[in-house]
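# Summary of the model geometry
What follows is the residue order along each chain.
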Amino acid sequence: MKDYLAIATIMFWPAIPLFWTPVHFAPGFFRKLHLFTYIMPLFTWLPVAYLIFRNRAFLMNYKIDLPLFVNGIGILLFILGTSLHMWTTKLLGILGIIGVPEVFSKIKESLVTVGPFSIVRHPTYLAHTLMFSGVLLITGVKAVGILTVMDLIVINVVIIPLEERELLRRFGEEYQEYKKNVPYRFFPLIH
C-alpha cells in the first residue's frame, strides 16, 4: 500500500508545474485556447506520468527505513495537507482550483482572502508540500523526498511569482492591498 501511495504521488506531481507554469507564464495565449487549455496535460503530463510508471521499480528501490513514530508524523502531515487542500478547494470552488478564471476572461471571481488565505497567500501549494512531506515520512521513498524538494523550489521560484503577476493583473490594487495585509506567500513567518 505504501508503494502505491508513493508512486501515485510521484506520478501526479508533474501535473502541477506542467499545467500552471505555462498557464501563468502566457495567460493571454491560454485565454485564446479556452477549453483546449485543459487538453494540454494529455500532451505534457500524461507522457511523463507514463515514464514514471514504467520506471516505478527503480524509483521504489531506494527507501529509508523510518521508525514507526516518524510514519505517524507523516500520516498527520498528510491528513493536515489534505484537509488544508479541501478547505482551499471549498473556498476557491472547483472552477477556481482548476484555473478557470485564469483561462476564461469572461468568468470573474472575487479575490479570496478568508480562512487560510488570511494567513498565507498560497495555502494550496502549502497543502501540497505538507502532503508530499507526509508521503515521504510514511513511505520512506527517496524519490518522494526529491520530489518534495523540487516542489518547494518550483513552487516558490517559478509558479508563485508567475501566479502573483497574473493575480496582480486580474485584481490590481485589491491584490496589492491583500499582499500588504498577508505578507507570507507560502509558509507563515517566511516572506
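These numbers were taken from a predicted model, which means no experiment stands behind them.

Of regular secondary structure, the protein possesses 10 helices and 0 strands. Going from the N terminus to the C terminus, the protein shows its helices and strands as α-α-α-α-α-α-α-α-α-α. The C-alpha radius of gyration of the protein comes to 17 Å, within 12% of the 16 Å expected for a compact globule of 191 residues. Expressed as lengths along the three principal axes of its C-alpha atoms, the size of the protein is roughly 50 × 35 × 25 Å. By residue count, 41% of the 191 residues in the protein fall in the buried class. Sequence separation of 24 or more characterises 80% of the internal contacts of the protein that already satisfy a separation of 6 or more. Total accessible area on the protein is roughly 10,700 Å²; 73% of this is exposed by carbon and sulfur atoms. The averaged location of the 11 negative side-chain charges in the protein is 6 Å from the averaged location of its 17 positive side-chain charges.

A word on the pattern of salt bridges. All chains considered together, the criterion is met by 7 salt bridges. One salt bridge connects Arg 31 with Glu 166, and the closest N-O pair in it is separated by 3.4 Å. Here Glu 166 lies in helix 9 (residues 142–171) and Arg 31 lies in helix 3 (residues 27–33), a separation of 135 residues in the sequence. Taking the shortest distance from any N to any O, the salt bridge between Glu 166 and Arg 169 comes out at 3.4 Å. You can see Glu 166 and its partner Arg 169 sitting in helix 9, 3 residues apart, about one turn around the helix.

The subject of this paragraph is the packing of aromatic side chains. This structure, assessed with the given rule, holds 6 aromatic pairs. With centroids separated by 5.5 Å and ring planes inclined at 20°, the aromatic side chains of Phe 12 and Trp 45 adopt a geometry described as stacked. Of the two residues, Phe 12 sits in helix 1 (residues 2–12) while Trp 45 sits in helix 4 (residues 40–54), which places them 33 residues apart along the sequence. Classification of Trp 45 by relative accessible area gives buried; the value is 17%. In this structure an aromatic cluster arises from ring pairing among Phe 19, Trp 20 and Tyr 38. Across from the ring centre of Phe 53, 3.9 Å away, lies the NZ or CZ of Arg 56, which sits over that ring.

In this section: the environment of Gly 99. With respect to the element layout, Gly 99 can be found in the loop between helix 6 (68–97) and helix 7 (100–103). Its relative accessible area of 0% is what places Gly 99 among the buried residues. Residues Gly 99 and Phe 171, spaced 72 residues apart in sequence, show a C-alpha to C-alpha distance of 15 Å. Sequence-distant contacts of Gly 99, that is, excluding residues within four places in its chain, are made with Trp 20 and Tyr 38.

Moving on, we get to unusual backbone geometry. Glycine aside, negative phi is the norm for most residues, and most peptide bonds take the trans geometry. Positioned with a positive phi, His 34 is a non-glycine residue whose angle comes to about 50°. By the element assignment, His 34 lies in the loop between helix 3 and helix 4.

Attention shifts here to a nonpolar patch on the surface. Together, Phe 36, Ile 39, Leu 42, Phe 43 and Leu 46 make up a nonpolar patch on the protein surface, roughly 540 Å² of accessible area in all. Topologically, Leu 46 is positioned in helix 4. Residue Leu 46 is classed as partly exposed on the basis of its relative accessible area of 40%.

Rules used throughout
Residues numbered from 1 in each chain as written. Predicted model: local features only at pLDDT ≥ 70, side-chain atom pairs only at ≥ 80, totals over all residues. Heavy atoms only, no water. Helix = DSSP H or I, 4+ residues; strand = E, 2+ residues; numbered from the N terminus. Rg over C-alpha atoms; globule rule 2.2 N^0.38 Å. Buried < 20%, exposed > 50% of the residue type's maximum accessible area, 1.4 Å probe, protein only. Contact = heavy atoms within 4.5 Å. Areas by Shrake-Rupley, 256 points an atom, 1.4 Å probe, with all protein chains shown as cover. Lys, Arg positive; Asp, Glu negative; His and termini not counted. Charge placed at Lys NZ, Arg CZ, Asp CG, Glu CD. Salt bridge = Lys/Arg side-chain N within 4 Å of Asp/Glu carboxyl O. Phe/Tyr/Trp six-rings, centres within 6.5 Å; stacked < 30°, edge-to-face > 60°. Lys NZ or Arg CZ within 6 Å of the ring centre and 35° of its normal. Patch = residues over 30% accessible without salt bridge, like charges linked within 9 Å, V, L, I, M, F, W, Y side chains within 5 Å.

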